[in-house]
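# Examining the three-dimensional arrangement
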Amino acid sequence: MGTRAPGDPRVVDTAERARLDLIVAAPQRPLTLKIAAPGALVLERADGTVCPVHPLWLRERCKDAASMDLHTQQRLQDPSDFDLGLKITALSQPAAGTFRVRFSDGYEASFSAAELLEEAALADNSHDCPAPRLWDGKLAQFPRMRWRTEPSATELMSWLEAFLSYGFVIFEDVPTEPGTVLKVGSVFGFVRETNFGALFNVRSTPNATDLAYTAVSLDPHTDNPYRAPVPGIQLLHCLANETTGGLSTLVDGFAVAQALRADEPRSFEILSGTPVRFKYIDADTELTASAPPIELDVTGGLKAIHFSPRLDFVPLFSPDRLDAYYRARRSFDHRLRAADYEIRFLLKAGDLVMFDNCRLLHGRTGFDPAEGLRHLQGCYIDIDGPRSRYRVLRRQLGSAAGARRSA
Ligand code: OGA
Ligand code: ZN
């Protein structure tokens, strides 16, 4: 993993990045477990490289009633209390797919090879959910789905797969009864209430508390970067649109960030290493939060975009550092606003767009309120909801398929 210091995600060399990208792109890479020598269990990758399995890693995965509460699957023992010098003293394979292990603390346990391999794949940075499929302005087919209040499990699974891959879905035929956005949101996760309420009305009003509640155009932005944590997913449901303007826009921020990383690595490094303060203020609320415009995870992968040029305040760094920052921000912003990356569509009454507010940026073109009413209702849900739904459904569909096979 190179010489990267913890907490400094900027220094990721290209070779490492390429390796990580490869892993993300190929989550089904075959891995095998085998006994390499007495007391040595090893993980073998498709390319022939091997990684010995640490005895403590195995020991803390014991799944018997003495080690974990079988109902919650939560550990009963604090693994920090295990002997740091723990060894495997005996290792056998009593049946295909099962390993029997005796540890130097006298403990003996059986392990399912399949479960260990699943864990090992996660440790290798693979995703157990559909990986993001990055897109740009040439995206020809938008993920449009016909909304159904009671979708079948397979239908819901296809909605979730589309959302997790593209970072958004557009539902059509959502009843225009006010409040329906909350019902749709709760199918995918828990609604996140904010100072704007559980549900907010997006329409042009006098004395608006946010530019979204006017008729002006909104450039690509992520919502509420001044909040910690930021709302992960946003839903906007169109109840009425009698105007010819007010087109919705979306940009895949990860695609733009990846292009910036390739073309202007220095700009990318600056934007992922500069903490920017975002601020919201009204009569009852004053929120501030700090985040880099491009947030990376500990492996150097893209984690979130925080971008709203109407709300950002960079700290007073030295003129040189600010020079570089402003140049980098301009470059990122110009790409975000370029037609190359943006998709546009009109939300008509009954359409609802749900998007990942950590990955995508959204906006709208301006409209003329004299033409008629444009009324959207919005809400936020937590980012982890759809992944949880996906895993549970996969479990259910998997056992249904299993039951069908054994019937
Ligand atoms: C918002 C927003 C876009 C629109 O409410 O956060 O960006 O289409 N609205 O009005
Ligand atoms: Zn917005």
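Residues numbered from 1 in each chain as written. Chains lettered and ligands numbered in written order. Predicted model: local features only at pLDDT ≥ 70, side-chain atom pairs only at ≥ 80, totals over all residues. Heavy atoms only, no water.

### Quick word on the pattern of salt bridges
Evaluation of the coordinates by the stated rule reveals 24 salt bridges. Ionic pairing is found between K34 and E44, a salt bridge with its closest N-O pair at 2.8 Å. Of this pair, K34 sits in strand β1 (residues 31-37) while E44 sits in strand β2 (residues 40-45), and the two are 10 residues apart along the sequence. What makes E44 partly exposed here is its relative accessible area of 22%. D210 serves as the salt-bridge partner of R310, at 3.1 Å between the closest nitrogen and oxygen. On the criterion of sequence distance, the pair formed by R310 in the loop between β19 (302-305) and β20 (312-313) and D210 in the loop between β12 (200-202) and β13 (218-221) is long-range, its members being 100 residues apart. (Salt bridge = Lys/Arg side-chain N within 4 Å of Asp/Glu carboxyl O. Helix = DSSP H or I, 4+ residues; strand = E, 2+ residues; numbered from the N terminus. Buried < 20%, exposed > 50% of the residue type's maximum accessible area, 1.4 Å probe, protein only.)

### Considering the side chain of T214
Note on placement: T214 falls in the loop between β12 and β13. In contact with T214, not counting residues within four places along its chain, are R203, S204, A208, R364 and F367. (Contact = heavy atoms within 4.5 Å.)

### Some remarks on the nonpolar core
Counting 50 residues, the largest nonpolar core has W135, F168, L250, I294, I305, F332 and V353 as the members making the most contacts within it. Contact partners of I305, with chain neighbours within four places excluded, come to T222, G253, F254, A257, P293, I294, F332, N357, C358, R359 and L361. Listed in part, the 25 residues of the second largest apolar core include M157, W159, V169 and F171. (Core = buried A, V, L, I, M, F, W, Y, C linked by side-chain atoms within 4.5 Å.)

### Things to note about the confidence of the model for the protein
Per-residue confidence for the protein averages 90 on the pLDDT scale, and 90% of its residues sit at or above 70. The low-confidence segment residues 1-27 (pLDDT under 50) makes 31 contacts with residues lying over four places distant or belonging to another chain. (pLDDT = per-residue confidence, 0-100.)

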